[in-house]
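Residues per chain, in single letters:
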Amino acid sequence: MIGRLNHVAIAVPDLEAAAAQYRDTLGAVVRAPQEEPDHGVTVVFIELPNTKVELLHPLGDNSPIQGFLDKNPSGGIHHMCFEVEDILAARDTLKAQGARVLGTGEPKIGAHGKPVLFLHPKDFNGCLIELEQV
Ligand SMILES: C[C@@H](C(=O)O)C(=O)SCCNC(=O)CCNC(=O)[C@H](O)C(C)(C)COP(=O)(O)OP(=O)(O)OC[C@H]1O[C@@H](n2cnc3c(N)ncnc32)[C@H](O)[C@@H]1OP(=O)(O)O
Ligand SMILES: [Co+2]
């Protein structure tokens, strides 16, 4: 069901500093910050040859990553995003196997303009999983 690794997301306390570190210290291609109010985050994508890193910082008062940053004040790996061909079929298969789909259960449009869903980290070995339909 899952295909390519679309991105690994890292929650960071200082988005500018983290972006500068990837650009200047690690020599990566770093995109401009993108506000995603529907997701409560600002993101910066780091383009690697085989995948992406998504730097995440809370946006607004009810960010879903605020609790994670409170527990991990210096930042940490927040989720992995796998590509799927049919997100509704993937969701229904996963739900039938007992996995918890977060939010309303309906896909939202993600940072790449494509439908995304999140699966509860406690159902996947402590790793929050994002699915993106490509
Ligand atoms: C723009 C888009 C895109 O790429 O297109 C994005 O990525 S948006 C990326 C941001 N959006 C999302 O993350 C949406 C889905 N996420 C959520 O709904 C939330 O973040 C939850 C995953 C439900 C966690 O929420 P919250 O931290 O408020 O809940 P909580 O404190 O009750 O946490 C329940 C337990 O899960 C753990 N926990 C929380 N976040 C975690 C994470 N990222 N990875 C692994 N474990 C995590 C907590 O430590 C706690 O464990 P213990 O009980 O053992 O202490
Ligand atoms: Co993501």
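- As recorded in an unreviewed UniProt entry, the protein goes by Methylmalonyl-CoA epimerase and comes from Paracoccus niistensis.
- You can read under Sequence similarities (unreviewed entry) in the UniProt record for the protein the words "Belongs to the methylmalonyl-CoA epimerase family."

Examining the nonpolar core
Moving on, step 1. Formed by I10, V12, L15, A18, A19, Y22, A28, V30, V44, I46, V53 and L55, the largest nonpolar core amounts to 12 residues.
Moving on, step 2. Those elements that provide at least two residues to this core are α1 (15-25), β4 (41-47) and β5 (52-58).
Moving on, step 3. With four residues, the single largest contributor to this core is α1.
Moving on, step 4. Not counting residues within four places of it along the chain, the set of residues in contact with A18 comprises V12 and L55.
Moving on, step 5. Membership of the second largest hydrophobic core comes to 11 residues, among which are L94, V101, I129 and L131.

Re the coordination of the cobalt ion (ligand 2)
Moving on, step 1. All of the protein donors around the cobalt ion (ligand 2) are H7 (NE2), E54 (OE), H79 (NE2) and E130 (OE); their distances to the metal are 2.1 to 2.3 Å.
Moving on, step 2. Around the cobalt ion (ligand 2), the six donor atoms sit at angles spanning 74 to 168 degrees, and that spread fits a shape best called octahedral.
Moving on, step 3. Each donor residue of the cobalt ion (ligand 2) belongs to the same chain, and together they define the spacing H-x46-E-x24-H-x50-E. With H7 in strand β1 (residues 5-11) and E54 in strand β5, this residue pair connects regions lying 47 residues apart in the sequence.

Definitions and cut-offs
- Residues numbered from 1 in each chain as written.
- Chains lettered and ligands numbered in written order.
- Predicted model: local features only at pLDDT ≥ 70, side-chain atom pairs only at ≥ 80, totals over all residues.
- Heavy atoms only, no water.
- UniProt positions renumbered as here; feature names shortened; annotations may be inferred.
- Core = buried A, V, L, I, M, F, W, Y, C linked by side-chain atoms within 4.5 Å.
- Buried < 20%, exposed > 50% of the residue type's maximum accessible area, 1.4 Å probe, protein only.
- Helix = DSSP H or I, 4+ residues; strand = E, 2+ residues; numbered from the N terminus.
- Contact = heavy atoms within 4.5 Å.
- Donors = N, O, S within 2.8 Å, 3.2 Å for Na, K, Ca; no water.
- Tetrahedral: all angles 85-135°; square planar, octahedral: opposite > 155°, others 65-115°.

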